[in-house]
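Read off the chains here:
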Amino acid sequence: MSTDVGSDERLLPLRDGRTLAYAEAGNLSSKTVVLHMHGLFSIGNASQMESPVILSKNVHLVMPTLPGWGNTSPPPPSTPYRDCLTSDMTALLFHLYPDSNGNDIKLYIAGNSFGTVSAQILYGAPYDKFPFGRCISDVLLCGALSPFRYHKDYAKSMTWKYYIVAGPISYYMPFNLITRGIKFLVAKQWSSVESVEAMFQGHFDRMDQAEREMFEKWCERCGKTPEDTARTYVQTLARSKVKSTSKSWEGFMLMTPLLHSDWGFRPDALDEEHSRPRVLLTASKDDILSPIGYAHYLAATYKNARIKDIQGRHLSIVHQMDEVWAEFLADEQ
């Protein structure tokens, strides 16, 4: 089976010799931009973002592939992730809006799961690092992760498996050994689309009654059967995950150091201008990968934040995203 996730991917050569991959959807000439950061083992992929809510709005949806994933080069060895990210996103937005003065677009920043780290880095970045930060109107953090450097109780919300993979054990282990070990164990399985499909097919089989009813109602609104929807989603997800590590595992190797690193700002010390954008967080008590305690920490720390409760486990956000997008983009026609 092909690992191609669509012909919508574009490659932007960067001044440092690296490459940035991205995808687009919506009204490409609109100056209202939704910049979406993907999650772990994923890429910027328009086929995963075909929400009728987004398509009904006059917005330009831009989905970059983050450093070290898919066709996007990893950060240079001497460059912190936060500086690489702000530089890449600045270059991308100036590429898409070459006549921009850096202050004439309306920017929505969104991220899900691991992508909420990058979304928050852009939200809190100094304007000399990310000049488009002044354009940010709203921020959407779906299944948010908190900055472990400042959230002192972050480990209390982790399962034992999560604690070992991304918690203090993994962070303080020399040479990133735990992450390297995980890569060794799963790399072969993740090289095949078919094997990844088999891993995720069980998500729909494990839904409880309330979650299944919600999923079936969403499918009905979309005019699709639950079986077809589940099959298409799993196929697209699997292709995206395989492509995310088809060139290297650098993105994954950066995960734990990034979660524990300095994101370039203190969440409780943002100035008035940085605190102006509204922050919408989604959270579910049943999500063990993005514990609800992280969202509550961020809601209590960011000055203009609110939480939207979501039902179900980590992937259940998929069939509730139309409602989330509608709330997030309520000001857009």
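As a starting point, this report considers the structure included with it. (Residues numbered from 1 in each chain as written. Predicted model: local features only at pLDDT ≥ 70, side-chain atom pairs only at ≥ 80, totals over all residues. Heavy atoms only, no water.)

**A few points about the overall build of the protein chain**
So, step 1. A count of helices and strands for the protein chain gives 13 helices and 8 strands.
So, step 2. Relative to the compact-globule value of 20 Å for 333 residues, the protein chain shows a C-alpha radius of gyration of 19 Å, a close match.
So, step 3. If you line up the protein chain on its principal axes, its C-alpha atoms span 50 × 50 × 40 Å.
So, step 4. In the protein chain, buried positions account for 54% of the 333 residues. (Helix = DSSP H or I, 4+ residues; strand = E, 2+ residues; numbered from the N terminus. Rg over C-alpha atoms; globule rule 2.2 N^0.38 Å. Buried < 20%, exposed > 50% of the residue type's maximum accessible area, 1.4 Å probe, protein only.)

**Description of the nonpolar core**
So, step 1. Residues Leu35, Met89, Leu92, Leu107, Phe130 and Leu141 are the most contacted members of the largest nonpolar core, which totals 65 residues.
So, step 2. Considering each element in turn, this core owes the most residues, 6 residues, to helix 2 (residues 81-96).
So, step 3. Apart from residues no more than four positions distant in its own chain, Leu35 is found in contact with Val62, Pro64, Met89, Leu92, Leu107, Tyr108, Ile109, Ala110 and Leu122.
So, step 4. Core analysis: the next-biggest nonpolar cluster, separate from the first, contains 21 residues, Ala46, Cys142, Val324 and Trp325 among them. (Core = buried A, V, L, I, M, F, W, Y, C linked by side-chain atoms within 4.5 Å. Contact = heavy atoms within 4.5 Å.)

**Description of the sheet that holds strand 6 (residues 136-142)**
So, step 1. If you walk across this open sheet you meet the 8 strands as 1-2-4-3-5-6-7-8, and the pairing is mixed. Each having just a single partner strand, strand 1 (10-13) and strand 8 (305-309) make up the two edges of the open sheet. The sheet shows a mean angle of 25 degrees between the axes of neighbouring strands, direction not considered.
So, step 2. With 6 bridges joining them, strand 5 (residues 106-112) and strand 6 adopt parallel strand pairing. By the bridge assignment for strand 6, Ile109 is matched with Val139.
So, step 3. Packed on one face of the sheet, helix 3 (residues 115-124) meets strand 3 (32-37), strand 5, strand 6 and strand 7 (278-283) and runs near 150 degrees to strand 5. (Pairing = 2+ DSSP bridges. Axes fitted to C-alpha atoms, helices over the stretch in contact; angles between N-to-C directions.)

**Points about the packing of helix 2 against helix 3**
So, step 1. For the pair helix 2 and helix 3, the least separation of the axes is 10 Å and the interaxial angle reads 75 degrees. Our classification of the angle between helix 2 and helix 3 gives roughly perpendicular. Between helix 2 and helix 3, the contacting residues are Tyr81, Arg82, Leu85, Thr86 and Met89 on the first element and Ser118, Ile121 and Leu122 on the second.
So, step 2. Class assignment of the residues belonging to the contact of helix 2 with helix 3 gives a composition of 5 nonpolar, 2 polar and 1 charged. (Parallel < 35°, antiparallel > 145°, perpendicular 65-115°, else oblique. Nonpolar A, V, L, I, M, F, W, Y, C, P; charged D, E, K, R; others polar.)

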